[in-house]
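For reference, the chains in residue letters:
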Amino acid sequence: MTGTARSPEDIAAYLASLDCVHCGLCVEHCPTYRQLGRESANPRGRVYLMRAVMEERIEPTPDVIEDLDLCLVCRACESVCPSGVAFGEVMAQTRSKLKKRGPIRRWMMGALLDRKRLNRAAALMRFWQRSGLRVLRHLLWGRLKRMEAYMPTVPHADARRPLPRHAPPIGETRGRVALLEGCVMSVLFQDVNRDTMHLLQAAGYEVVVPEGQACCGALHEHDGDLETAHRQLARNKDAFAVDDVDAIVMNSSGCGAAFSSADMPAPVIDLSRFLVDHGEHLSFGAFTEPVAYDAPCHLHHAQNETTAPQQLLTRVPGLQLVPMDLWDHCCGAAGIYNLDHPELSGRILDEKLDALERSGASVLLTGNPGCLMQWRAGVAKRGLRVEVLHLATFLAGQVTA
Ligand code: SF4
Ligand code: SF4
């Protein structure tokens, strides 16, 4: 590394980039390389570019920035890298130096940090969706237009109300866990949070939703705003320092990956793994339609949780889990990638939709709000008769005890 003073994080990212031995084992696993086929759009090429920028051998020209920006940060490359290159860490640090954010982006990212603001935006969006104003959507432009198109139907204010701070276990008490409501989850998918809470109660756990919790900062990290990401994690670390909690249970893989990267006051665990390990007495009603599972990148690659969702599904009598090609590849949602790079995101999703059609599934399960929105938009656009659900929603609908 050359140049003036570097922070410890810069040095750590630089050292991580040196771990790459250019073997290329990651190349075919990279969704953007599958589409674009050029070296600078695969992990090896991107590590090389980032290192060259850090060493000041090349300038971060618009072309270089574009190639780095086209990375989904899905971290599929990390799962297969024999040298253990911490790709996500190198990319986050590089983006923190290079990424420019305009006013709309800053507003959007800022809104995630404030539940009241997020709720006001949701109320406005609901009014837009229900008042007939949508006929004017052709007047929208750019990212705003794409955001409008991807936005699911915003639930009624009553369905967006905060979770209770405490929920008692159902039946015998087995322990106490904490739950994160999240930002997008709390506004657009509060039903998933309620289903998660119900499953945990049915498993015999008291659920606490700590006061003072906040957006986990995962989207900010993805966007290279590390300062905000670290601040959010610190806030949550304080908020989750509650007594006698066995675990912090996560139902959004992006938030789970962010929490897992920090030294939280209790073990951080995905709902699927928690129920496999601690929900042994739960029983489920039969389900006989074919079901496919699509792994969220931040569960499968970032948290290395590759089996628990499928294990849980084997406990649903009659359930036929059908194989789906590319099930462990990114769906193209990747934070707000689908808004930033709609064309490439659409191509990535198209390949996955082909795989979904071939699988013959009538239900698709996943575990992240961004993936739910991306899949639902794609399924609707293609006119497929496939229900896209969060794993918690599906299991809560099947649980009998
Ligand atoms: S994080 Fe994903 S998109 Fe980015 S280089 Fe790695 S595999 Fe490719
Ligand atoms: S697999 Fe790892 S070491 Fe090999 S090229 Fe990819 S990032 Fe580099």
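## Let's talk about the site of ligand 2
Every residue near ligand 2 is listed here: Cys20, Val21, His22, Cys23, Gly24, Cys26, Arg44, Cys81, Pro82, Ser83 and Val85. Partitioned by chemical class, the residues of the shell around ligand 2 number seven nonpolar, three polar and one charged.

## Quick word on the sheet that holds strand β5 (residues 268–270)
Ordered by their spatial adjacency, five strands build an open sheet running β1-β3-β2-β4-β5, and the pairing between neighbours is mixed. Both edges of this open sheet fall to β1 (166–167) and β5, since each of them pairs with a single strand only. Strand direction decides the pairing type here: strand β4 (residues 247–250) and β5, joined by three bridges, are parallel. Residue pairing in the sheet places Val249 in a bridge with Ile269 of β5.

## Focus on helix α21 (residues 391–398)
Among the eight residues in α21, six count as buried, and that is most of the element. The elements touched by buried residues of α21 are α11 (190–202), α15 (271–278), α17 (308–313), β8 (363–366) and β9 (387–390).

## With respect to the domain arrangement of the protein chain
Along its sequence, the protein chain is carved into domain 1 (8–98), domain 2 (103–154), domain 3 (160–278) and domain 4 (290–398). Averaged C-alpha coordinates put domain 1 and domain 2 at centres separated by 32 Å.

## What to know about unusual backbone geometry
The residue Asp244 is not glycine, and still its phi comes out positive at about 55°. For Asp244, a relative accessible area of 66% puts it in the exposed group. Positive phi outside glycine occurs at Leu326, with the angle close to 60°. As for its placement among the helices and strands, Leu326 is situated in the loop between β7 (320–321) and α18 (337–340). By relative accessible area, which is 15% here, Leu326 ends up buried.

## With respect to the site of ligand 1
Taken together, Cys30, Pro31, Thr32, Pro43, Arg46, Cys71, Leu72, Val73, Cys74, Arg75, Cys77 and Phe87 make up all the residues around ligand 1. Among the elements of the structure, α2 (31–36) and α3 (43–54) are those that each provide at least two residues to the shell around ligand 1. Residue composition of the shell around ligand 1, grouped by class: nine nonpolar, one polar and two charged.

## Focus: the sheet that holds β8
Spatially, the four strands line up as an open sheet ordered β7-β6-β8-β9, and their pairing is parallel. Two strands in the sheet have a free side with no partner beyond their single neighbour: β7 and β9. The pairing of strand β6 (residues 290–293) with β7 spans two bridges and is classified as parallel. Bridge pairing links Val291 to Leu321 in β7. Sheet contacts for α21: β8 and β9; angle to β9, the most-contacted strand, approximately 90°.

## Regarding a nonpolar patch on the surface
A cluster of nonpolar side chains, contributed by Phe127, Leu133, Val135, Leu136 and Leu139, occupies part of the molecular surface with about 480 Å² of accessible area. Along the polypeptide, Val135 turns up in the loop between α8 (115–130) and α9 (142–150).

## Concerning the state of the cysteines
Summed over all chains, the structure comprises zero disulfides. Cys297 takes part in no disulfide bond, and the closest cysteine sulfur, belonging to Cys330, lies 4.0 Å away.

Reading the values: rules and limits
- Residues numbered from 1 in each chain as written.
- Chains lettered and ligands numbered in written order.
- Predicted model: local features only at pLDDT ≥ 70, side-chain atom pairs only at ≥ 80, totals over all residues.
- Heavy atoms only, no water.
- Near = heavy atom within 4 Å.
- Nonpolar A, V, L, I, M, F, W, Y, C, P; charged D, E, K, R; others polar.
- Pairing = 2+ DSSP bridges.
- Helix = DSSP H or I, 4+ residues; strand = E, 2+ residues; numbered from the N terminus.
- Buried < 20%, exposed > 50% of the residue type's maximum accessible area, 1.4 Å probe, protein only.
- Contact = heavy atoms within 4.5 Å.
- Domains from an automatic or database assignment.
- Axes fitted to C-alpha atoms, helices over the stretch in contact; angles between N-to-C directions.
- Patch = residues over 30% accessible without salt bridge, like charges linked within 9 Å, V, L, I, M, F, W, Y side chains within 5 Å.
- Areas by Shrake-Rupley, 256 points an atom, 1.4 Å probe, with all protein chains shown as cover.
- Salt bridge = Lys/Arg side-chain N within 4 Å of Asp/Glu carboxyl O.
- Disulfide = S-S within 2.5 Å.

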